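# A structural walkthrough
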Amino acid sequence: MAKAVFPNPDGTLVDIGGGTGVITAQFAKGFGEIHIVEPSRRKRKHGQKQRPALRFHDARAEKLPFKADAVDCLTAVVSFHHMTDHAAAAREAYRVLRPGGRFVVFEFHPRQGYGRWRSPDMVAGHMHFMEPEQLVAILRDANFRCDGAVEIDEGYIVTATK
Ligand SMILES: C[S@@+](CC[C@H](N)C(=O)[O-])C[C@H]1O[C@@H](n2cnc3c(N)ncnc32)[C@H](O)[C@@H]1O
């Protein structure tokens, strides 16, 4: 992730479904502003206490609390499979990113490790693990330029550019 986000001290990174920010704080180092969109009150509260430099927002991917063209880099680390409306999340990502900005998504592969064991709808809450090609298609439908996925450990990274 750290290699894919290109830190910029004048830039803003928004991590969607960033939880407590424990992972975000590692890969987002070097950005001027780091925001976390997280619907879980418990995670936001814990994260804000542990990492006061990060800004937590009570929101969801499908409706982001940012103006159009305002964000330099968006990330989603094993959170895209939780979203109930993937197309809406992709459209929102496109709306808030500045032209040339990047949306970097890390997801588990549905046929390996975690993704295989916790296959769609096996556990409480919404989960829909998808093949890399399906994620790429959703992002392209939202107008992103997207080269394809890079396999990594039990998952893959897709980078989409506005
Ligand atoms: C598996 S956790 C990953 C947390 C963090 N990215 C990490 O790697 O530690 C998935 C997160 O997505 C959040 N989430 C679920 N639905 C969401 C939605 N519609 N929009 C944004 N975040 C969501 C959950 O509350 C949870 O914190």
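First things first, this report covers the structure right here in the doc. (Residues numbered from 1 in each chain as written. Predicted model: local features only at pLDDT ≥ 70, side-chain atom pairs only at ≥ 80, totals over all residues.)

## What to know about the environment of T20
Note the following rule: Here a strand is any run of E in DSSP of at least two residues, a helix any run of H or I of at least four, and the numbering for each starts at the N terminus. Contacts are defined on C-beta atoms placed from the backbone: any two residues whose C-beta positions lie within 7 Å are in contact.
Along the chain, T20 turns up in the loop between β1 (12-16) and α2 (24-27). Along the primary structure T20 and R44 are separated by 24 residues, whereas in three dimensions their C-alpha atoms are 5.8 Å apart. When sequence neighbours within four positions are dropped, the list of residues in contact with T20 reads K43, H46, G47 and Q50.

## What about the site of the ligand?
To keep it simple, the criterion reads: Nearness rests on one distance test: the residue's C-beta atom, set from the backbone, must lie within 6 Å of the molecule or strand. Only Asp, Glu, Lys and Arg are considered charged in this grouping, and only Ala, Val, Leu, Ile, Met, Phe, Trp, Tyr, Cys and Pro are considered nonpolar; every other residue, Gly among them, is considered polar.
With respect to spatial proximity, 19 residues lie near the ligand, and among them G17, G19, A61, S79 and H82 are the closest. Across the shell around the ligand, the residue classes break down as nine nonpolar, six polar and four charged.

## Side note on the packing of helix α4 (residues 86-96) against helix α6 (residues 132-141)
Put simply, the test is: As a rule, the C-alpha atoms of each element are fitted with a line to give its axis, helices using only the stretch in contact, and angles between N-to-C directions run from 0 to 180 degrees. Roughly parallel here means an angle under 35 degrees, roughly antiparallel means over 145, roughly perpendicular means 65 to 115, and every remaining angle is called oblique. Whether a crossing is left-handed or right-handed is set by the direction in which the near helix is turned from the far one by less than a right angle, anticlockwise for left-handed and clockwise for right-handed.
The interhelical angle for the contact between α4 and α6, taken along N-to-C directions, is 55°, at an axis separation of 8 Å. In this view, α4 runs oblique relative to α6, as classed from their interaxial angle. Considering the relative orientation of α4 and α6, their crossing is right-handed. Residues H86, A87 and A90 of α4 form the contact with α6, whose own contacting residues are I138, L139 and D141. Residue composition of the contact of α4 with α6, grouped by class: four nonpolar, one polar and one charged.

## Quick look at the sheet that holds strand β3 (residues 55-57)
The following threshold applies: Strands pair, by our definition, only if DSSP identifies at least two bridges between them.
Ordered in space as β3-β2-β1-β4-β5-β7-β6, the seven strands form an open sheet in which the pairing is mixed. Two strands lie at the open edges of the sheet, namely β3 and β6 (145-152), each paired on one side alone. Taking the axes of each pair of neighbouring strands and ignoring which way they run, one obtains an average angle of 20° across the sheet. As paired elements, β1 and strand β4 (residues 71-77) share three bridges and run parallel to each other. The residue of β4 that forms the bridge with L13 is C73. Here α4 sits on the sheet and contacts β4 and β5 (97-108); the angle it forms with β5, its principal contact strand, is near 145°.

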